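Letter by letter, the chains look like this.
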Amino acid sequence: MSNAQYFLEATYLIASILFVLGLKSLSHPDTARRGMIMAAMGMLAAVLGTLFHPDIHNYLYIAIGLILGSSIGIPMAMVPMTAMPQRTALSHAFGALAASMVGIAEYVIHGANMGGVKMGALGLEVMLGSLTVTGSLVAAAKLQEMMRGTPIMFKGQHFVNLGIFLGMITCLVLWLLNPTTAIYFYIVVGLAFVFGVMLVIPIGAADMPVVMSLLNSYAGLSSAATGFVLGNNVLIIAGTLDGFSGFILSILMCKAMNRSITNVLFGGFGAVVGTETGVAGSMREVGLDDVAVQLAYANQVVFVPGYGMATAQAQHAVRELGNILEERGVAVKYGIHPVAGRMPGHMNVLLAEANVPYSQLYEMEQINPELPSTDVAVVIGANDVVNPDARDNPKSPIAGMPIIEVDRAKSVIVLKRGKGKGFSGLENPLFFKSVTGMLYGDAKSSLTNLAQAVQKV
Ligand code: NAP
């Protein structure tokens, strides 16, 4: 081995270790930031190492790629936190496009002379990569509301999808049996692009995070297959880590919503399924001073954040209000639902950014038993994750989804702008209960005003 090759292998080894350690550190909020840095360093090591690859003789195209990639990537990274899911979907699309293009290029260069195992890996790489490209683009379009967010369904859809899937697999097998017949290979690519679109259009925007982590998993497996084709160990390791962690994350999210993966993929959630409880009565509006008095004289206050806290960027304001209450001797806790917001860990990231101590963050299973003895539960822009219909109405489309049971608290204050529904599009009977008071307005200004009002009590 030449010195350059030793260097290449050493950087790949370092990169792989950093990826594994980075992923492990991401599992706890205390170490998550360090984990991100480690993973980014791993990626840098892998890219730097690859630049010493003996097959690279001309750096011009790499330089052009670097400039183009950076000029697209840097502005993409500047989007607000609330747009992060669609940004991530676009990243998956680009990553998968790269994997597919490498696969197609390898086939064009080497033709059928790669051996059975490599051909198999290449076929898988191109198939998974191509369907991830279009699937991720549709997911991004739905999340950005450039496309209808509700499921797009038509008669016989499952049969059409099954037909496309079987056609794709048949062509893949035919190509593997006759690797010189390029037409089968290109039909697989074409059908995979179509299948990606068909797979995602019937899924509602509320389920998109689960779909994205599944697509993430496919992109990872496609990269691992690329690693086999190119004989590149770091791609095999990173791709497999990505593939399986994405899959585990999808399962965890499904558990948190009490739904199966097949239900997410084929259920058309958000279309007309099940029935809502007919909600009678009206919502009771409360005034700022009234809420301030309740908070100031409470023994325990539990904040339950949701997507609205993210859009309002109210995390610093809630931390300030929490501090003021603590100074008055009130016990302050935060109840975190696993799928509050628009991505896993969304609330944890925002509250960590505002330096809310981890000791005050309680998972759903921990906070629910505390709610009956809680004086005030303050819902900050959350809706579906506190919807009692999920618990009480077996016919509700979200029946069985575990919720934070704020309605068991002595008093509930809901901060939201108006009568907007949750992401599932369902009405929330919580807002009509006698225990609930609605404080309308943007969550950030409501919390800032409450902090001032509590100080005057
Ligand atoms: P949600 O159901 O989307 O409700 C958010 C509420 O925030 C809305 O009712 C809205 O009402 C209010 N809001 C919006 N902007 C606001 C602002 N500036 N100030 C105050 N209120 C504001 O949120 P969620 O309870 O967090 O539920 C998350 C949903 O996403 C669930 O359906 C979950 O299943 C789904 N999901 C999440 C994940 C994940 O990984 N997190 C994964 C899959 C699915 P107004 O318009 O009236 O203000």
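Residues numbered from 1 in each chain as written. Predicted model: local features only at pLDDT ≥ 70, side-chain atom pairs only at ≥ 80, totals over all residues. Heavy atoms only, no water.

Re the pairing of strand β6 (residues 436-440)
Here is the rule we go by: Only protein chains enter the accessibility calculation, which uses a 1.4 Å probe; a residue is then buried when its area is under 20% of its type maximum, exposed when over 50%, and partly exposed in between. Counting from the N terminus, the helices are DSSP H or I runs at least four residues long and the strands are E runs at least two residues long. A pair of strands is treated as paired once DSSP finds two or more bridges between them.
The buried fraction of β6 amounts to four of the five residues, a majority that puts the element mostly inside the structure. Where strand β5 (residues 411-416) lies against β6, five bridges are found, and the strand directions are parallel. The residue of β6 that forms the bridge with Val412 is Thr436.

Things to note about the pattern of salt bridges
Between side chains of opposite charge, a pair can form when the charged atoms approach closely. Let me state the cut-off plainly: We count a salt bridge whenever a side-chain nitrogen from Lys or Arg sits within 4 Å of a carboxyl oxygen from Asp or Glu.
A full pass over the atoms with the stated rule returns seven salt bridges. The residue Glu405 makes a salt bridge to Arg391 at a minimum N-O spacing of 3.2 Å. One end of the pair, Glu405, is in the loop between α16 (389-392) and β5; the other, Arg391, is in helix α16, with 14 residues separating them in the sequence. Judged by its relative accessible area of 17%, Glu405 is buried.

So, helix α8 (residues 208-230)
Defined as follows: Any helix carries an expected span of 1.5 Å times its number of residues minus one.
Helix length check: α8 (23 residues) gives 32 Å between terminal C-alpha atoms against 33 Å at 1.5 Å per residue, within 8%. Where α8 ends, the next residue or the one after it, Gly231, has phi of about 65°, a positive value.

What to know about the side chain of Asp407
Short version of the rule: Residue contacts are defined here by distance: any two heavy atoms, one from each residue, within 4.5 Å place the two residues in contact.
Along the chain, the position of Asp407 falls in the loop between α16 and β5. Leaving out residues up to four positions away in the same chain, Asp407 has contacts with Pro388, Arg391, Val412, Leu430, Lys433 and Val435.

A few points about the packing of helix α5 (residues 116-143) against helix α7 (residues 182-200)
The following threshold applies: Think of each axis as a best-fit line through the C-alpha atoms, taken over the contacting stretch in the case of a helix, with angles from 0 to 180 degrees between the N-to-C directions. Roughly parallel here means an angle under 35 degrees, roughly antiparallel means over 145, roughly perpendicular means 65 to 115, and every remaining angle is called oblique. Each crossing gets its handedness from the near helix: less than a right angle anticlockwise from the far helix is left-handed, clockwise is right-handed.
Where α5 meets α7, the axes come as close as 7 Å, and the angle between the chain directions of the two elements is 30°. It follows that α5 is roughly parallel to α7 by the angle criterion. Once α5 is placed against α7, the crossing between them reads as right-handed. Listed contacts from α7 to Leu122, Val126, Met127, Ser130, Leu131, Val133, Thr134, Gly135, Val138, Ala139 and Lys142 of α5 are Phe185, Val188, Val189, Ala192, Phe193, Phe195, Gly196, Val197, Leu199 and Val200.

Section: the domain arrangement of the protein
For clarity, the threshold we go by: The split of the chain into domains comes from an automatic or database domain assignment. Buried area: the accessible surface (1.4 Å probe) lost by two parts on joining, summed over both.
Here the domain parsing of the protein yields domain 1 (3-266) and domain 2 (288-456). Just the C-alpha atoms count here: the centres of domain 1 and domain 2 sit 36 Å apart. In this complex, domain 1 contributes 15 residues to the contact, which on the side of domain 2 involves 19 residues. Across the interface of domain 1 and domain 2, roughly 1,400 Å² is buried in total on both sides, 77% from carbon and sulfur atoms.

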